[in-house]
Each structure stands twice: as structure tokens, then as C-alpha cells.
Amino acid sequence: MKEIRIGNKIIEKRKELKLTQEELADHLGVSKPAVSKWESGQSYPDITLLPVIATYFDITVDELFDYQPQLTKPEIRKVYRSLAERFAKEPFDEVLTELNALMKKYYSCWPLLLNLGILLMNHADLAGSIERRNEILQEALRLFERIEQNCDDPKILRQTPLFKATCWMMAGNPNEVIDLLADADEVKLNPDILLANAYLMKQENEKALNLLQGSIFTDLLSIVGAMPGLMAIYAAQPGTLDRWSQSIERLIDIFDLDHLHPASVLPFHVNAAALYLSQSRVDPALHHLERYARIACEPGLFPFTLKGNAQFDHIQALIESLDLGSLAPRSDQAIKQSFKDLLKHPAFESLAENDRFKRIVRDLDAL
């Protein structure tokens, strides 16, 4: 994560001119080992040499510094993963201090700041009290708002309203969510289908496959993600509720979403279970909790990553385009703990003495 890359620039320009390290050293009046150390990043040229080197290569001193205020995508993923793992193991405020230091150091690295905001949002529950949790969500919101006000990257700007809305939802402020998103209710056209058909016309099937599979994959996740809210609306209509629940389970099975994207399926099952229990329908609630536990305890689930399967064998480009790539937004340890904590919700207290529920809890405790 070196921001000043004089060594890289010297290598680049020296090779362009087909010079050896020794030839460059002779021109500058320094030793060959000195040039070698500059290029390997072990040391920097003396400040008085900078204009001489820049003039020799016909570049400005600024260009010679090759200053890079932005971290690369792999570097951002590494930072995110490191902090996520530390949030799961170390005192929250200690990790938060380092996160805040990174925000100051890379004050205008918008892709990094976006991911640090997401990191805060995904780990706010670890802050302790509800009040402290909401303070962390407010920090994330302020960060997203600063990104919106200063960033000019269209991709990032499309994402920030959704993350802001998620923070407000987590903080229990539905009015703010509505204010943010209610005006965005126009029909959204998916350009991927049209673009894929254009590639097919040119017989560029690989590109078309990437787009089509990626579009189907993301649409499936949207459908499953919409189910908890839809089923809650039909809570007073048991027949309709059952039809939706069964339809989504069939969809999950058809596309093997238990293995392809368990993170989308698990919330569906736990929300369905809580909804059925609110109607005193124990058997369907336990059915969903058993499916929940079976997915969570599946051998090979960890390390928790996003990946394709035999059917979706062309979504790697989509995965790699994500800021975190195949990485989960939380560490494996934090994910396992969240699996267990969900069943401690008051909604499941009535099942405490149920033998089937006890087996589910035992299975999850063994994670």
C-alpha cells in the first residue's frame, strides 16, 4: 500500500530508455546499489536529485513521485478482511480506532471509504449497547454522505443510497428509508439482456453467457430477498402465505441456492419460522429452522465465500467485479456466531423445550 512509488517510476522510465541500472547511476553520479535500492523501495533518492532524475526522464517531479492516493481493489479487500477478522476477535473500539485512522489516511479513496462504511454497518451489532450500535450506524451514514457529496464515480454513487437506506433500516427509521428510495420507483430496465443479445449476434457467446448468467443470478437473489417482507404481509392469509413459502422453497431447490448462495437463503428460513410461530404453527416453523440449521452446518460451508456451481459456471466475472470479490462481508467466526445468535431471538422462546428445536440448537452450537 505504498502511496509514493518513485522506485516503480524509475524502473518504468529506465526500461523505456533501455538503460541499465549502472548507466543510470553513472549519469546521476551515484552508485549502482543506490539505484537498486530506489527501485526495490528500500530507500528514496536524495531530494536534490529529484529534479535531475525528472529532467533526465523528461517528466515532472510530480510524475516521478507517481503518487497513488487510491488503493487497488485487492488492497481494499485485504484491508476489509483484516478488519473484519479483528472485529470478531478484538475489542470493538480498538479496531474502530484503526479504521478511523485509515479513513483519515485515505481521505479521498472513495472505493476504500465505501467499504469501510459497509464494514461499520455489518459490524455495528458488535459495538455493545443499542445506543452505541446506533452511533456506529450514524458514523457509517456520515461516511456515505461525504462520499455522495465528493465522489464522481457513477458506480459508487449508485450504491450509496442503498447503503444509507440499510443503515436507517437497521436503526429502525423507516421514514428515512422511504424518503431516500420512494422516488426511485420508475421501471428499471436491465441493459444486460440487450447487451447479451448483441454479443450473441456477433457470436461472442462467452461474453453473452457471463451477462445472462449474472443477470439470472442477481434476479434470483432479489426474489429470495423480497420474500420475508412479502410473507409478513400475507400473515393473515395462511393459504397465500403457504403458497409463497412453498414456491420459494422450490425455487431454492431448483437452483441449489442452499449451496450457491446460502447467505440469501438463511434469512428467508429464519424469518419464515418466526412468522409461522407468530401464528402458533409449530410444524412449518420447525421445518424452516431445520433447513436453516442444515445449511448452516453443511460441511464445506466455511470458509464462507461467494462462488458459482455447475449450473452457474459463468458468474466469476460478476463476482470479481464486486468490491470484495468472493469474500464475505464478515469473518467466518462472526458469521458462525450470528447463526447461533439468531435462534436466541425472543420469537423462538416458545420452542425452548421442543426436542426438534433442541437438536437444531445443538447442531448450531457445534459450529
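Everything here concerns the structure above.
Note that the structure is predicted; figures quoted are calculated from it, not measured. (Residues numbered from 1 in each chain as written. Predicted model: local features only at pLDDT ≥ 70, side-chain atom pairs only at ≥ 80, totals over all residues. Heavy atoms only, no water.)

Undergrad: I keep staring at the packing of aromatic side chains and nothing clicks. Help me out?
TA: Any two aromatic rings considered together are summarised by their centre-to-centre distance and by the angle between their planes. As enumerated under the stated definition, the model contains 10 aromatic pairs in all. Ring centres of Phe-304 and Phe-339 lie 6.5 Å apart, and the angle between their planes is 65°; on these two criteria the pair is classed as edge-to-face. Taken together, the residues Phe-304 in the loop between α17 (282-296) and α18 (316-321) and Phe-339 in helix α19 (residues 332-342) connect sequence positions 35 residues apart. Each member of the pair, Phe-304 as well as Phe-339, is classed as buried. Grouping aromatic residues by their ring pairs yields a cluster made of Tyr-292, Phe-302, Phe-304 and Phe-339. It is Lys-336 that lies over the ring of Phe-302; its NZ or CZ is 4.8 Å from the centre. (Phe/Tyr/Trp six-rings, centres within 6.5 Å; stacked < 30°, edge-to-face > 60°. Helix = DSSP H or I, 4+ residues; strand = E, 2+ residues; numbered from the N terminus. Buried < 20%, exposed > 50% of the residue type's maximum accessible area, 1.4 Å probe, protein only. Lys NZ or Arg CZ within 6 Å of the ring centre and 35° of its normal.)

Undergrad: I'm lost on the nonpolar core in this one. Help?
TA: If you look at soluble globular proteins, the nonpolar side chains tend to sit buried side by side. Within the largest apolar cluster, 45 residues are counted, with the highest numbers of intra-cluster contacts made by Leu-257, Leu-289, Phe-339, Leu-343, Phe-348 and Leu-364. Elements represented by at least two residues in this core include exactly α13 (205-233), α14 (238-254), α15 (257-260), α16 (262-278), α17, α19 and α20 (355-365). When near neighbours in sequence (up to four residues on either side) are disregarded, Phe-348 contacts Val-270, Ala-273, Ala-274, Leu-277, Leu-289, Leu-342, Leu-343 and Phe-357. (Core = buried A, V, L, I, M, F, W, Y, C linked by side-chain atoms within 4.5 Å. Contact = heavy atoms within 4.5 Å.)

Undergrad: Would you explain unusual backbone geometry in this entry?
TA: Glycine aside, the phi torsion of most residues is negative, and most peptide linkages are trans. Between Phe-302 and Pro-303 the backbone carries a cis peptide bond, its omega angle lying at 0°. On the secondary structure map, Pro-303 appears in the loop between α17 and α18. In this model, Gln-203 sits at a positive phi of 60°, which is unusual for a non-glycine residue. Mapped onto the secondary structure, Gln-203 falls in the loop between α12 (191-201) and α13. Backbone geometry places Ser-280, a non-glycine residue, at a positive phi of 60°.

Undergrad: It is not clear to me how the packing of helix α8 (residues 110-123) against helix α10 (residues 154-170) should be interpreted in this structure. Could you clarify?
TA: When two helices pack together, their arrangement is captured by the angle between the axes and the distance separating the axes. In contact at an axis separation of 11 Å, α8 and α10 are set at 15° when each is read in the N-to-C sense. Classed by the angle they form, the pair α8 and α10 counts as roughly parallel. α10 is crossed by α8, and the crossing has left-handed handedness. Judged by residue contacts, Trp-110, Pro-111, Leu-114, Ile-118 and Met-121 of α8 engage Ile-156, Gln-159, Thr-160, Phe-163, Thr-166, Cys-167 and Met-170 from α10. Per-class residue counts for the contact of α8 with α10 are 9 nonpolar, 3 polar and no charged. (Axes fitted to C-alpha atoms, helices over the stretch in contact; angles between N-to-C directions. Parallel < 35°, antiparallel > 145°, perpendicular 65-115°, else oblique. Left-handed = near helix turned anticlockwise from the far one by under 90°. Nonpolar A, V, L, I, M, F, W, Y, C, P; charged D, E, K, R; others polar.)

Undergrad: Whenever I open this one, the side chain of Arg-291 confuses me. Can you help?
TA: Turning to its location among the elements, Arg-291 is positioned in helix α17. Residue Arg-291 is classed as buried on the basis of its relative accessible area of 6%. Discounting residues that sit within four places of it in the chain, Arg-291 has contacts with Glu-249, Ile-252, Asp-253, Asp-258 and His-269.

Bear in mind that shape data such as this cannot, by itself, settle questions of function.
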